[in-house]
Every structure is written in C-alpha cells, then in structure tokens.
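Chain by chain, the residues run as shown.
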Amino acid sequence: MSTCDTCRANCCRLQVLLIDDNDVPESMTDWTDWGGQVMYRRDDGWCTAVDRETMRCTIYARRPQVCRDFEMGGRECLEERNAPGNE
C-alpha cells in the first residue's frame, strides 16, 4: 500500500511539464530544447524540489498541477514504483 510514510517519490524522477497556471518558483524551472517549460532536474534525474533526506516536496503547496493530479497509489504511481530500477 502506498502512503506518505512508504512513498519513495519515484514520480519525482519523471519529467514534469509546466502549464501556465503553475506557481512554481522560477529558479526551479528549466526549458527544453523544444521550448517547453519543465521542473528542473538535478544531474541524477531527481526533481530539484525534492528534499533528498525526507523525500518530500519542498514546494508542496505550490507544486505543479501535474504533480497534484498524480494520484498516490494510483495506476501510474504503482507502475512507477514497480519499474525496473525503482525497487
């Protein structure tokens, strides 16, 4: 079962496309080669907003809509948790 206490934040390694209605700090964003604005990811692939000690989002109240829509324990969450390399 997925809960905040058992979450490994695997979804925080996915590319997050930002849409106009986001309130994400500009310093945490990046632009792709094709012109889309995304959450900046560190060299190791993790979203810059993730606190690596707690594995919690540091901008939770301001997180992008796509992150709000990603349902913990939902199909996409379970697929990401069970993907090779995410054990």
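Structure: see above.
Every value quoted in this text rests on a predicted model; they were computed, and no experiment measured them. (Residues numbered from 1 in each chain as written. Predicted model: local features only at pLDDT ≥ 70, side-chain atom pairs only at ≥ 80, totals over all residues. Heavy atoms only, no water.)

A.B. asks: What am I meant to see in the overall build of the protein here?
C.D. replies: Summing up its helical and strand segments, the protein has two helices and four strands in all. Scanning the protein from its N terminus toward the C terminus, one meets helices and strands in the order β-β-β-β-α-α. Once the C-alpha set of the protein is aligned to its principal axes, its extents read approximately 35 × 25 × 25 Å. The buried share of the protein, taken over its 87 residues, is 34%. Within the protein, counting contacts between residues at least 6 apart in sequence, those at least 24 apart form 47% of the total. Carbon and sulfur atoms provide 49% of the accessible area of the protein, an area that totals close to 6100 Å². Separation of charge centres in the protein, based on 11 positive and 17 negative side chains, amounts to 5 Å. (Helix = DSSP H or I, 4+ residues; strand = E, 2+ residues; numbered from the N terminus. Buried < 20%, exposed > 50% of the residue type's maximum accessible area, 1.4 Å probe, protein only. Contact = heavy atoms within 4.5 Å. Areas by Shrake-Rupley, 256 points an atom, 1.4 Å probe, with all protein chains shown as cover. Lys, Arg positive; Asp, Glu negative; His and termini not counted. Charge placed at Lys NZ, Arg CZ, Asp CG, Glu CD.)

A.B. asks: Just to check I follow, could you spell out the side chain of T48 for this structure?
C.D. replies: Mapped onto the elements of the fold, T48 is located in the loop between β2 (37–39) and β3 (50–51). The exposure class of T48 is buried, given its relative accessible area of 19%. Setting aside residues up to four positions removed in sequence, T48 forms contacts with M28, Y40, R41 and R42.

A.B. asks: Sorry if this is basic, but what is going on with the packing of aromatic side chains here?
C.D. replies: Two aromatic rings are characterised by how far apart their centres lie and by the angle between their planes. Taken as a whole and judged by the stated rule, the model has zero aromatic pairs. Over the ring of Y60 we find R63; its NZ or CZ atom is 3.7 Å from the centre of that ring. (Phe/Tyr/Trp six-rings, centres within 6.5 Å; stacked < 30°, edge-to-face > 60°. Lys NZ or Arg CZ within 6 Å of the ring centre and 35° of its normal.)

A.B. asks: Could you clarify how one ought to interpret the pattern of salt bridges in this entry?
C.D. replies: Pairs can form between side chains of opposite charge whenever their charged atoms are close. In the structure shown here, the tally under the stated rule is four salt bridges. The residue E79 makes a salt bridge to R75 at a minimum N-O spacing of 3.1 Å. Remark: R75 and E79 occur in helix α2 (residues 75–81); sequence separation between them is four residues, near one turn of the helix. Judged by relative accessible area, E79 falls into the partly exposed class, the value being 46%. Judged by its relative accessible area of 54%, R75 is exposed. What you see here is one network of salt bridges that share partners, running through R75, E76 and E79. (Salt bridge = Lys/Arg side-chain N within 4 Å of Asp/Glu carboxyl O.)

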